[in-house]
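In case you want the letters, here they are:
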Amino acid sequence: MTTRVGSNNEWFEATVMSVTEESPTVKTFVFKTPHPITNIAGQHYELRLTAENGYQAARLYSATKAGTGKKELSLTIMNVKDGEVSPYVSGGLKVGDEVEIRGPFGKFFIWTDEEYRPVLLVGGGSGVVPLHAIFTAHRDSRSKAEVKMLYSSHTFEDVLYKDDFLSSPDVAVTLTRNVPEDWEGLTGRVTKGMLEVIVDSFEAQPICYVCGMSLFVDAITEALQAAGIPSTSIKTERFG
Ligand SMILES: Cc1cc2nc3c(=O)[nH]c(=O)nc-3n(C[C@H](O)[C@H](O)[C@H](O)COP(=O)(O)OP(=O)(O)OC[C@H]3O[C@@H](n4cnc5c(N)ncnc54)[C@H](O)[C@@H]3O)c2cc1C
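Some remarks on the layout of surface pockets
- Space inside the largest pocket adds up to approximately 1,400 Å³.
- The wall of the largest pocket is formed by 46 residues, among which Gly124, Gly125, Ser126, Gly212 and Met213 lie closest to the centre.
- Broken down by secondary-structure element, the contributors of at least two residues to the lining of the largest pocket are β4 (56-62), β5 (72-78), β8 (147-153), α4 (192-200), α5 (214-226) and β12 (234-238).
- It is α5 that contributes the most residues to the lining of the largest pocket, six residues altogether.

In structure tokens, the structure reads:
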């Protein structure tokens, strides 16, 4: 639950504390915030840039982690080629720079340890950002429910949060391009067969969180339904 005083519609100034390169096109920014950050896993924030001529543009970015109650917010941002906002953030923001942020937002695509059902996370590209928040919140909670993840990435270099995801037996990564010779994971786009195997491996029917580009989300949702998951057990978030 959000406990900070004031409305989440109020913009606040946030200062870049660190920048970490997750992949050739994706960076994680940790911002110093004026108040403690208490978002639920899966929620997102709005980030606004103001140009010298006063022009403003804002985009939504999922929190990388559930809020820790510290005055710190972590966002992972992909540099979308020819995009209006993300190239300025991903290419231009450096330690000490200030941006405006408001939030958290989102009441549906969230996970707390009150959720008793097993969890299946399916993400593509930067769509794994809110899934990372859910995955780590689950890991750090006392939940006994199973969690498994299927992550579609173009290449090995593009895989985000390698430390958390590649070390976990609960995460299956499929590479869709340029598969390294020594790669032992899955290859190719997510198929109905891959989803059936993972759905059948759960002891009880999972609640599913699907995030990525719209076409990816549509295809996965259809395949999950074909695998027997009711639409009421599928939560989706579309990034573009
Ligand atoms: C709830 C929510 C949470 C989001 N969380 C994140 C996040 O954690 N990290 C993140 O990087 N992005 C996230 N996004 C996407 C983000 O809001 C922007 O859409 C993205 O940064 C592109 O903005 P832009 O101004 O650079 O491109 P725009 O000028 O807005 O769009 C340029 C083109 O890029 C396409 N596009 C938009 N997003 C993507 C994408 N992710 N990959 C490829 N093409 C894209 C658009 O469809 C459009 O055709 C989220 C979106 C939503 C709705």
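What follows picks up the thread again.
Section: the site of the ligand
- Around the ligand, 21 residues are found, and the nearest of them are Leu60, Tyr61, Met78, Val85 and Ser86.
- In this structure, a nitrogen atom belonging to the ligand sits 2.9 Å away from a main-chain N or O atom of Thr76.
- Interatomic distance of 2.9 Å between a backbone N/O atom of Met78 and an oxygen atom of the ligand.
- Surface burial for the ligand is 75%, taken as the share of its 900 Å² of free accessible area covered by protein chains.
- At a threshold of 2 Å from the grid points, most atoms of the ligand map onto the largest pocket.
- Among the elements of the structure, β4, β5, α1 (86-92) and β12 are those that each provide at least two residues to the shell around the ligand.
- Of all the elements, β4 adds the most residues to the shell around the ligand, at four residues.
- Tallied by class, residues from the shell around the ligand come to ten nonpolar, seven polar and four charged.

Observations regarding the sheet that holds strand β2 (residues 26-32)
- The strand order β4-β3-β6-β1-β2-β5 describes an open sheet built from six strands, whose pairing is antiparallel. Each edge of the open sheet carries a strand with a single partner, namely β4 and β5. Each strand of the sheet is rotated relative to its neighbour by a mean of 40°, with strand direction disregarded.
- In the sheet, strand β3 (residues 44-50) pairs with β4 via seven bridges, with the strands oriented antiparallel. Directly across from Tyr45, in β4, lies its bridge partner Tyr61.

Definitions and cut-offs
- Residues numbered from 1 in each chain as written.
- Predicted model: local features only at pLDDT ≥ 70, side-chain atom pairs only at ≥ 80, totals over all residues.
- Heavy atoms only, no water.
- 1 Å grid on protein atoms, 1.4 Å probe; cavity = no way out; pocket = protein on both sides within 12 Å on 5 of 7 lines; lining within 4 Å.
- Points joined across faces, edges and corners; volume = space filled by probe spheres on them.
- Helix = DSSP H or I, 4+ residues; strand = E, 2+ residues; numbered from the N terminus.
- Near = heavy atom within 4 Å.
- Polar contact = N/O pair within 3.5 Å; in protein donor to acceptor, adjacent residues only side chain to side chain.
- Areas by Shrake-Rupley, 256 points an atom, 1.4 Å probe, with all protein chains shown as cover.
- Sits in = over half its atoms within 2 Å of the grid points.
- Nonpolar A, V, L, I, M, F, W, Y, C, P; charged D, E, K, R; others polar.
- Pairing = 2+ DSSP bridges.
- Axes fitted to C-alpha atoms, helices over the stretch in contact; angles between N-to-C directions.

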